[in-house]
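Inside the fold
Single-letter residue listing:
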Amino acid sequence: LTVADAAQAAGIDVPVFCHHPKLEPVGMCRMCLVEIGRPMLDRATGQVVMENGQPKIQFMPKLETACTNRVSEGMVVMTTSEKATDGQKGTVEFLLTSHPLDCPICDKGGECPLQNLTMGFGPGKSRFIYDEKLHLDKQVPLGELIWLDRERCIQCARCIRFQDEIAGEAVLGFDDRGRGTQIVSYSDPGFDSVFSGNTSDICPVGALTTADFRFGARPWELDAHASICTQCPVGCNTTLNTRREAKAGGAIVVKRIMPRQNEEVNEIWLCDKGRFAHHYVESKKRLTRPMIRKNGRLARASWDAATKLAAENFSKAKKDFVVLASGRLANEDLFNLKSLADTAGGKTILYSEMGGGELTRLVGAGAGTNIGAMGAGDAILVVASDLYEEAPIWWLRVKQAAVRGATLIVANPRQTKLDRFAKYTIRYAYGDEMKTVNDIAKKGKIADEFAKAKNAVVFFGSEGLGVTGTSALASACATLLKETDHVGRPNSGLIGVWQRANDQGAFEIGFQPEADLIKALKGKAVYVVGADPVGDSPALAKALSSAKFVAVQELLETATTEIADVVLPAQAFTEREGTYVSGERRVQRFYAAVPAKGDSKPDFAITSMIAKQMGVILEGSSPSVVFDILASSIEAFNELSYEKLAETHGQWPIVG
């Protein structure tokens, strides 16, 4: 524990710039200068020298950095002495000699540590002449997503250290010396990292800004709304910052997405997919009105007419009624869809190329996994998955666990970025995934180390295996965990690297993927929700062209909406409430941040309207009521409610 961290824990304010609780201390900025005294030791005996019954304290002649000195027995620290405050003021004054006076237009203005520390520890006036300030380039693209203002940079190296220590991708560094020192990108293309946006979060000044938010809004204009990232199954906790936008015609829009701290899920980090991919909700292709096909063309219709037409065709189809839904949907949406299909005698299909979700439910860690707690003595197997591309924050956390000493085994037909952190790398030919996993359960160096691990987590992916292949792979992984006695341990379990955010929730509710999806759709009345099969596959496009009837419920215009008989506009996750289940089987709640587009409705409410036209009563007025019904119907959700999910800072794992 450093002096700076101990002071913060005790509620004592020690100013810092380069220090960050997630990074190794370096003492670069000298902002945390304090006086430190230690018990004097007798050189002959090595015993503490006593004076008036107390240890005699010896202070060093010069100030020391609080961020690099570890707390020790009997240490005395003076943080507000005249000598300490004089040193802190001198550091601020020195930093401001090269810092531009552009706070009124700086993106960091209002949430800038330099502003705050200047007010709290600054000298009040500078002895340096304004005309002698250093002038550097102010719009330097480090990459496509991150811009550098060289004048504002205070050379704290937080960004460089994050990329090196946390992300493991040393793509940034210092160039030149003295006042000419500047941040540069070493990679080609520039700033080649999927975690680049985090550097703008931890930058203590406005030197690093994101391309989408730069000069977009002032921090005090923004409202904050808790949400969950929808880009992959990790379930990163996020904050949506919104404001009313003149360029959007006075509408409230999402201006930026920031990571929300949750040490068991994503710590304080967010990958660039989660940070920058939200702009689709503002797309000009957003569906805002129901449509019905008339004379071969889609035309606007009322909700009553659209849902009535869908209901009539679904009722007429009877056993030929198929619901094809994806993990884009929230638990509430999936539950209503399953209830409708079960009541009407139809079939529910999860739109996914991955199977095995029923095994993650049975073999998953009942107490919830926390990769951040794994280290020496634990084991992690990643098979048939490239976590860096598919679930970057899992890649980050698995990599960190390996650095802490966990045994990392990567099994993949090709090289991945996780390989260099693995203790064991296994190459196999496509199709040999199950044999590879089975071999790990047998005798051998890798098998022995996996079996002896205190806790073990297995990540399995698809890598082109399809539904049947991934189901078989999941079964082999589940058998491995059972045979090595890792089922039920606190940080042990089977985790699917699913294609969408809530595929795990779909499995929990009862959806299953279909190995022969083409056959399952031909000649049926199909209710497509949150999926674009026509745009994804010519074969599926052909199958749907021969369907009796196609209703599509979606956010955007897609190739599937173009061939639909009825199009139903749904709300985005930014416009409504709901819950998702992460790949680690945690139920997490998200909240509405902006008003709904046009006449769109939540997916669960649209399904309820169609059900009513079919004579089936489903809850459609409130997501919390739907969730209560869900929780009372499905054992894994029994102990949960919206109130319970909102009260806790931690997560509520489903207990299977």
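Whatever comes next refers back to the structure up there.
The following paragraphs examine the structure supplied in this document. (Residues numbered from 1 in each chain as written. Predicted model: local features only at pLDDT ≥ 70, side-chain atom pairs only at ≥ 80, totals over all residues. Heavy atoms only, no water.)

Along the protein chain, the regular secondary structure elements total 22 helices and 29 strands. Against the compact-globule benchmark of 26 Å for 656 residues, the protein chain has a radius of gyration of 28 Å, which places it among compact chains. With respect to the principal axes defined by its C-alpha atoms, the protein chain has extents near 95 × 65 × 45 Å. A buried classification covers 56% of the 656 residues belonging to the protein chain. Pairs at least 24 residues apart make up 70% of the contacts formed inside the protein chain by residues separated by at least 6 positions. Summing over all exposed atoms, the protein chain offers an accessible surface of approximately 27900 Å²; the carbon and sulfur share of this is 51%. One way to put it: in the protein chain the 76 positive side-chain charges average out to a point 2 Å from where the 79 negative ones average out. (Helix = DSSP H or I, 4+ residues; strand = E, 2+ residues; numbered from the N terminus. Rg over C-alpha atoms; globule rule 2.2 N^0.38 Å. Buried < 20%, exposed > 50% of the residue type's maximum accessible area, 1.4 Å probe, protein only. Contact = heavy atoms within 4.5 Å. Areas by Shrake-Rupley, 256 points an atom, 1.4 Å probe, with all protein chains shown as cover. Lys, Arg positive; Asp, Glu negative; His and termini not counted. Charge placed at Lys NZ, Arg CZ, Asp CG, Glu CD.)

Further remarks concern the nonpolar core. Phe 314, Val 383, Phe 450, Tyr 527, Ile 610 and Phe 637 are the most contacted members of the largest nonpolar core, which has 80 residues in total. Counting residues per element, this core draws most heavily on helix H14 (residues 466-483), which supplies seven residues. When neighbours within four sequence positions are excluded, Phe 314 is seen to be in contact with Phe 321, Ala 525, Val 526, Tyr 527, Phe 549, Ala 551, Ile 610 and Met 614. Core analysis: the next-biggest nonpolar cluster, separate from the first, contains 49 residues, Met 374, Tyr 388, Val 410 and Phe 573 among them. (Core = buried A, V, L, I, M, F, W, Y, C linked by side-chain atoms within 4.5 Å.)

Moving on, we come to the environment of Lys 56. Structurally, the position occupied by Lys 56 is in the loop between strand E3 (54-55) and strand E4 (57-59). Its relative accessible area of 29% is what places Lys 56 among the partly exposed residues. Taking the C-alpha atoms as reference points, Lys 56 and Pro 39, 17 residues apart in sequence, are found 5.6 Å from one another. In contact with Lys 56, other than residues within four places in its own chain, are Arg 38, Pro 39, Met 40, Val 49, Met 50 and Glu 51.

On to the pairing of strand E27 (residues 578-581). Here E27 shows two buried faces, one formed by Gly 578 and Tyr 580 and the other by Thr 579 and Val 581. The pairing of E27 with strand E28 (residues 586-590) spans four bridges and is classified as antiparallel. Residue pairing in the sheet places Tyr 580 in a bridge with Gln 588 of E28. In textbook terms, the turn of a hairpin is the stretch between consecutive antiparallel strands, and for E27 and E28 this stretch comprises four residues, one of which, Arg 585, has a positive phi near 70 degrees. (Pairing = 2+ DSSP bridges.)

Take the pairing of strand E23 (residues 493-496) next. Of the two faces of E23, the one carrying Gly 493 and Ile 495 and the one carrying Leu 494 and Gly 496 are both buried. Summarising the sheet, strand E22 (residues 456-460) and E23 pair through four bridges and their orientation is parallel. Its bridge partner being in E23, Val 457 is matched across the sheet by Gly 493. Regarding the hand of the β-α-β motif, the stretch spanning E22, H14 and E23 is right-handed. (Right-handed = clockwise from strand over helix to strand, strands pointing away.)

Whenever strands of a sheet pair, they do so through backbone hydrogen bonds, lying parallel or antiparallel. The three strands are arranged E12-E13-E14 in an open sheet whose pairing can be described as antiparallel. Two strands bound the open sheet, and with one partner strand each, they are strand E12 (223-228) and strand E14 (251-259). Here the strands of the sheet are splayed against their neighbours by 35 degrees on average, with no regard to which way each runs. Bridge count between E12 and strand E13 (residues 237-245): six bridges; the pairing is antiparallel. Within E13, the residue paired with Ala 224 across the bridge is Asn 241. (Axes fitted to C-alpha atoms, helices over the stretch in contact; angles between N-to-C directions.)

One pass over the structure, following the stated rule, counts 37 salt bridges. Note that Lys 138 and Asp 149 form a salt bridge whose closest N and O atoms lie 2.9 Å from each other. One end of the pair, Lys 138, is in the loop between helix H3 (113-121) and strand E7 (140-141); the other, Asp 149, is in the loop between strand E8 (146-148) and helix H4 (158-166), and 11 residues separate them in sequence. With a relative accessible area of 4%, Asp 149 lands in the buried category. (Salt bridge = Lys/Arg side-chain N within 4 Å of Asp/Glu carboxyl O.)

What follows concerns the packing of aromatic side chains. Where two aromatic rings form a pair, the distance of their centres and the angle of their planes describe that pair. In this structure the tally under the stated criterion is 14 aromatic pairs. The interplanar angle of 80 degrees and the centroid separation of 5.9 Å between the aromatic rings of Trp 395 and Phe 421 together place this pair among those described as edge-to-face. One end of the pair, Trp 395, is in helix H11 (residues 392-403); the other, Phe 421, is in the loop between strand E20 (407-411) and strand E21 (424-426), with 26 residues separating them in the sequence. Ring geometry for Tyr 580 against Phe 590: centres 4.6 Å apart, planes inclined by 20 degrees, an arrangement best described as stacked. Taken together, the residues span a long stretch of sequence, with Tyr 580 in strand E27 and Phe 590 in strand E28 at a distance of 10 residues. According to the relative accessible area criterion, Tyr 580 is buried, its value standing at 5%. One aromatic cluster in this structure is built from Phe 195, Tyr 388, Trp 395 and Phe 421. One Lys or Arg, Arg 256, reaches over the ring of Phe 213 and ends 4.6 Å from the middle of that ring. (Phe/Tyr/Trp six-rings, centres within 6.5 Å; stacked < 30°, edge-to-face > 60°. Lys NZ or Arg CZ within 6 Å of the ring centre and 35° of its normal.)

The subject of this paragraph is the state of the cysteines. The final tally for this structure, using the stated rule, is zero disulfides. The cysteine Cys 32 is free of any disulfide, with Cys 67 supplying the nearest cysteine sulfur at 3.8 Å. (Disulfide = S-S within 2.5 Å.)

Attention shifts here to H3. For H3, the full list of buried residues reads Leu 114, Leu 117 and Phe 121. Axial view of H3: buried residues confined to an arc of 65 degrees, hence all on one face. Summarising the contacts, the buried residues of H3 are in contact with helix H2 (82-96). (Arc of directions from axis to C-beta.)

These figures come from the coordinates and say nothing about function on their own.
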